[in-house]
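# Reading the structure
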Amino acid sequence: MPVRFTRRPLSVRSAYDAVSESHLGAVALFVGRVRPDPFGRGRVSGLLYEAHVPLASRALSELEREAKRRFGVERVEVWHRLGLVPVGEASVVISVGAGHRAPAFAACRFLIEQLKRKAPIWKTERARPVRRPPPRRGPAHARSAD
Amino acid sequence: MPAKVRVLLFASAREAVGASQLEWPVPSGGSELAELLLALVRKHPRLAPILKVSRFVRNGEYLAARHGSIHPGDEVAIHPPYGGG
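Residues numbered from 1 in each chain as written. Chains lettered and ligands numbered in written order. Predicted model: local features only at pLDDT ≥ 70, side-chain atom pairs only at ≥ 80, totals over all residues. Heavy atoms only, no water.

### Quick notes on the layout of surface pockets
Residue and element names in this part refer to chain A. Estimated volume of the largest pocket: approximately 300 Å³. Of all the secondary structure elements, the ones that give two or more residues to the lining of the largest pocket are β2 (26–33), β3 (44–51), β6 (90–98), α3 (101–118) and β7 (121–127). Per-class residue counts for the lining of the largest pocket are nine nonpolar, three polar and five charged. What the second largest pocket holds in volume is close to 180 Å³. The greatest single-element share of the lining of the second largest pocket, amounting to five residues, is contributed by helix α2 (residues 53–71). Of the residues assigned to the lining of the second largest pocket, the class counts are four nonpolar, no polar and four charged. (1 Å grid on protein atoms, 1.4 Å probe; cavity = no way out; pocket = protein on both sides within 12 Å on 5 of 7 lines; lining within 4 Å. Points joined across faces, edges and corners; volume = space filled by probe spheres on them. Helix = DSSP H or I, 4+ residues; strand = E, 2+ residues; numbered from the N terminus. Nonpolar A, V, L, I, M, F, W, Y, C, P; charged D, E, K, R; others polar.)

Here it is as structure tokens:
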């Protein structure tokens, strides 16, 4: 049973193991991770991923079949995380097991590019809460004195 | 009880409406998707630019552009441009 969508951290090791049959000479892995704020302001704490799960699952199944047919690879897993994914953590893991490296790389590239185009999955930025200084305490006249 | 469709909203469409789904009244004899979308925009004007670039799904099947009839009990999903990965 494929993992496909999960709200828990993705395991790259598990994705590798899932396609690593002993007769296969190549495993290609792609891991997409949440980047920090591109402007260096440090405001992005993570990305919130959501999906129309029945349709996204169907789209990923079709892409897996298409990758096997087009590139002749034997094993394919596409796993995507949902919910809030913190900066630095994996949002998507794709693993491909094949006889040789060329079809493994090609299928891996095909799968991530097509996932972005065809799977109903979205991300929205989640900002860090703005830290404001705590309100000053004390009677009003004490604050107005300075 | 009035006849309704369920409208599923994702990402920017969800943020524009402030809800991930709506129960929306439709005539008991059905309606056109385009009419439903017009009604949604009247109530939620921020949806207008999003609908121009969205895809639409009725009961799990993609609709071509904005064409298609909808009936009470249908589920209509609004898909803004995808951004997985």
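Read on, since the account is not over.
### Topic: unusual backbone geometry
Residues and elements named next belong to chain B. A positive phi angle, close to 50 degrees, is found at A11, a residue other than glycine. For A11, the location among the structural elements is in helix α1 (residues 11–17). At N59, a position not held by glycine, the phi torsion is positive, near 50 degrees. Of note, N59 is situated in the loop between β4 (55–58) and β5 (61–63).

### Brief notes about the interface of chain A and chain B
Listed by partner, the interface residues are 22 residues for chain A and 19 residues for chain B. A buried area of about 1,500 Å², summed over both sides, lies between chain A and chain B, and 51% of it is on carbon and sulfur atoms. Applying the counting rule to chain A against chain B returns two salt bridges. We note a salt bridge from R58 of chain A to E61 of chain B, for which the minimum N-O separation is 3.7 Å. Linking chain A with chain B are 14 residue pairs in polar contact (both at pLDDT 80 or more). Sorting the residues of the side of chain A that touches chain B by element identifies β3, α2, β6, α3 and β7 of chain A as the ones contributing at least two each. Of the residues contributing to the side of chain A that touches chain B, the split by class is 11 nonpolar, four polar and seven charged. (Contact = heavy atoms within 4.5 Å. Buried area = accessible area lost by both parts, 1.4 Å probe. Salt bridge = Lys/Arg side-chain N within 4 Å of Asp/Glu carboxyl O. Polar contact = N/O pair within 3.5 Å; in protein donor to acceptor, adjacent residues only side chain to side chain.)

### Digging into the sheet that holds strand β7 (residues 75–79) of chain B
All names here are of chain B. Pairing in this open sheet of five strands is mixed, and the strands run β2-β1-β7-β4-β5 from one edge to the other. A single partner strand is all that each edge strand has here, and the edge strands are β2 (21–25) and β5. Along the sheet, successive strands turn relative to each other by an average axial angle of 30 degrees, direction set aside. Two elements, strand β1 (residues 4–9) and β7, share four bridges in a ladder whose sense is parallel. Following the sheet pairing, L9 is matched in β7 by I78. (Pairing = 2+ DSSP bridges. Axes fitted to C-alpha atoms, helices over the stretch in contact; angles between N-to-C directions.)

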